[in-house]
Amino acid sequence: MSNEAATATTTAEAAPAPEPIPHGLGASLQPADARAKTEGTFPYAADLWAEGLLWAAVLRSPHPRARIVSIDTSHAREMPGVRAVVTHEDVPGSPVHGRGKADRPVFASEVVRHHGEPIAAVAADHPDTARMAAAAVIVEYEVLDPVTDPELAFEADALHPDGNLIRHIPLHHGDQSATGEIVVEGQYRIGRADPAPIGAEAGLAVPRPDGGVELYLASTDPHTDRDTAAAVYGLAPDRVKIVVTGVPGATADREDQGFQLPLGLLALKTGCPVKLTATREESFLGHVHRHPTLLRYRHHADAEGRLVKVEAQILLDAGAYADTSAEALAAAVSFACGPYVVPNAFIEGWAVRTNNPPSGHVRGEGAMQVCAAYEAQMDKLAKRLGIDPAELRMRNVMATGDILPTGQTVTCPAPVAELLQAVREYPLPPLPKDTPEEEWLLPGGPEGAGEPGAVRRGVGYGLGMVHMLGAEGADEVSTATVKVQDGVATVLCAAVETGQGFTTLARQIVQETLGVEEVHVAPVDTDQPPAGAGCRGRHTWVSGGAVERAARMVRTQLLQPLAHKFGMSTELLQITDGKITSYDGVLSTTVAEELVGKELWATAQCRPHPTEPLDGAGQGDAFVGMAFCAVRAVVDVDIEIGSVRVVELAVAQDVGRILNPAQLAARIEAGVTQGVGIALTENLRTPRGLIRHPDLTGYALPTALDAPDIRIVRLVEERDVVAPFGAKAASAVPVVTSPAAIASAVRAATGRPVNRLPIRPQAAVVTGQ
């Protein structure tokens, strides 16, 4: 051997071994689809294709309220290339659908109740032909005056056979006659926000030889969507299959069923695959939005600033249909006082129908609206008392063992004081005067602000809370199967990956429990047992819990023969870094060796403890668990033109247990950034019920340039003993809290009340300066 070769060999042998790829709970395991999404090769629903494909288009109402006199589809049917036209007359099963309540027509028949309501759908050989044919359907309308003010809905004629009132919750807690020495009042309005899902809403329907249909959708709740579709198509559920494909991310119900249902009808009628890709305008017209809300508050406090009583009225605009408005109202009323100790509370909440676009599930629904209002009240109270706003909050914060206004005891960890203290003590960012003037980042962007002398800095606080999982008796259950064969594990669970990181978590759970490094999560379809909707942290809790139980059952199957051979119980064996060892060191082998030639599998369910509906006084143990967050916002405001720049958001959050540090940080940062949009830019304007500018130029989402410095200053790991792994939901509570904190900071900078979100420029202008 030559000297060069010998040197090379020696160098190779001396080279350090590569660092092992981190895995298991607590590691920042990279999502399996991260590379495909960043490289642009991830197959989204809009990329679907099938042989003999037809294209669908939907005709939507141009009016928010009208009576349908007639529908003439003859011109559309006669167009070359058109294969089918369907209206309400072609719906063989249930004519209505809805996530929370089935009250929304598949196609309008006698009346239209909101701008964009579907009236007919067309399938054609080319997408342009389908759109032209949909436009060729002639609808004669008798236009009616829309009811768009939710306060007028109480006295207006019934807009729906079920009436205008969807739900009324009167909450009574404590002594109604109690009063405080200091009383502050306020009225607040929260605008309509759109979930603006990334990627086009799209789907493909393929007819089956047995007369059924398969739907390929970016669904976030496939079994509910399947059952709804089967009812509409007049089919048994086992003849409808939903295959979840290409979900790019979701902060609400990913795809409205109004997009899904016409696909199957057209596929069944034509006997061909049918695809629909919605334009951004159709998305704005079709899917649900965050509830616009009117809130009136009165806070009573003693001379020391301790809360005595909170009175509030909360009115949610549900739009034309009920959807999940009853659930959103329950959250709003229950959390109307925030994470504060309030001995006496009297809250009335209503959700009403109007002729505005439908409202429904959007991250943090109900809790976000009331957080903006009760935090504004806390700022008012601090100003009246001459107390530092953070100190006033500290005197009233909730802790474990305190009682919610619903009468439910907070049994989960509630480290609200610790969270507030963490953001309060975090160093403030430097003032602009500490940097050269040419480097200043001023409100309004480059060259967008007035003189630097018009800029005022403000610091504000927000404390927020959300509930996890469903509420008021919802049966939260998920099923998972874990299989191991040839040293490779596979997880089967119908929990949809919507960006919350479930598939990564499932891999980590199996790695931790079984010591198997290679873990795959199977694609989701409705042939698997149901796992429920992907919202409120339920897949981390319920589906993750099911995966863990199934993995532990497989672990027992793996260890039992070894334990029997050495005369010990499986509890005395442990799996670490792929090795199986006994407590006394007698047994030492590898997981890989013990899995040779074996196929192990187990199926398990996870079902949290039951909850109960709120009673006639708004009382009851309605929630499984809660999560909390504190945000300190620092803003710069140009008080001459009213432009606002969020300089920094410091976040402290109650997370229970960190399962994936990188993933958790990304979720918190994304939630905070979404809150910036809610606070400053996102406002879907609907004058007289008509959606104005239904596109992403008229609806301003925050971009990377709008994102402030986000400092995650504290993550409190106090495990919730009733939750698998002790972890809590992470995404919704920063969305709920950050808009309130930003509004608080703008109040501090301007001295203006700021009683509306998003904050309009005129609300931040200070005259007479």
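Residues numbered from 1 in each chain as written. Predicted model: local features only at pLDDT ≥ 70, side-chain atom pairs only at ≥ 80, totals over all residues. Heavy atoms only, no water.

**As for the packing of helix α9 (residues 367-385) against helix α16 (residues 732-750)**
Helix-helix packing is described using two parameters, namely the angle between the two axes and the distance between the axes. Running from N to C, α9 and α16 point in directions that differ by 30 degrees, and their axes come no closer than 8 Å. Viewed along their axes, α9 and α16 adopt a mutual orientation that is roughly parallel. When you trace α9 past α16, the crossing you get is right-handed. Mapping the contact onto sequence places Ala 367, Met 368, Cys 371, Ala 372, Glu 375, Ala 376 and Asp 379 in α9 and Val 735, Val 736, Thr 737, Pro 739, Ala 740, Ser 744 and Arg 747 in α16. A breakdown of the residues in the contact of α9 with α16 according to their chemical character gives nine nonpolar, two polar and three charged. (Axes fitted to C-alpha atoms, helices over the stretch in contact; angles between N-to-C directions. Helix = DSSP H or I, 4+ residues; strand = E, 2+ residues; numbered from the N terminus. Parallel < 35°, antiparallel > 145°, perpendicular 65-115°, else oblique. Left-handed = near helix turned anticlockwise from the far one by under 90°. Contact = heavy atoms within 4.5 Å. Nonpolar A, V, L, I, M, F, W, Y, C, P; charged D, E, K, R; others polar.)

**Comments concerning the side chain of Thr 354**
Along the chain, Thr 354 turns up in the loop between β17 (344-353) and α9. Note on Thr 354: relative accessible area 1%, which makes it buried. Those residues in contact with Thr 354, other than ones at most four positions away along the chain, are Arg 113, Val 147, Thr 148, Asp 149, Pro 150, Ala 153, Leu 159, Asp 317, Gly 319 and Ala 320. (Buried < 20%, exposed > 50% of the residue type's maximum accessible area, 1.4 Å probe, protein only.)

**Some details on empty space enclosed by the protein**
On inspection of all chains with the given rule, the structure shows seven cavities of 30 Å³ or more. Along its surface, the largest cavity is lined by 39 residues, and Gly 537, Arg 667, Ala 729, Ala 730 and Ser 731 are the ones closest to its centre. Tallied by class, the residues present in the lining of the largest cavity amount to 17 nonpolar, 15 polar and seven charged. (1 Å grid on protein atoms, 1.4 Å probe; cavity = no way out; pocket = protein on both sides within 12 Å on 5 of 7 lines; lining within 4 Å. Points joined across faces, edges and corners; volume = space filled by probe spheres on them.)

**Here's the deal with the pattern of salt bridges**
Side chains bearing opposite charge may pair, as long as their charged atoms lie close to each other. All chains considered together, the criterion is met by 34 salt bridges. A salt bridge links Lys 101 to Asp 162; the nearest nitrogen and oxygen atoms lie 3.7 Å apart. Of this pair, Lys 101 sits in the loop between β4 (96-97) and β5 (104-105) while Asp 162 sits in the loop between β8 (138-143) and β9 (165-173), and the two are 61 residues apart along the sequence. Among the residues examined, Lys 101 registers a relative accessible area of 36% and is labelled partly exposed. With a relative accessible area of 41%, Asp 162 lands in the partly exposed category. Taking the shortest distance from any N to any O, the salt bridge between Arg 632 and Glu 648 comes out at 3.1 Å. You can see Arg 632 sitting in strand β26 (residues 623-638) and its partner Glu 648 sitting in strand β27 (residues 643-654), a full 16 residues away along the chain. Of the two residues examined, Arg 632 and Glu 648, each falls in the buried class. (Salt bridge = Lys/Arg side-chain N within 4 Å of Asp/Glu carboxyl O.)

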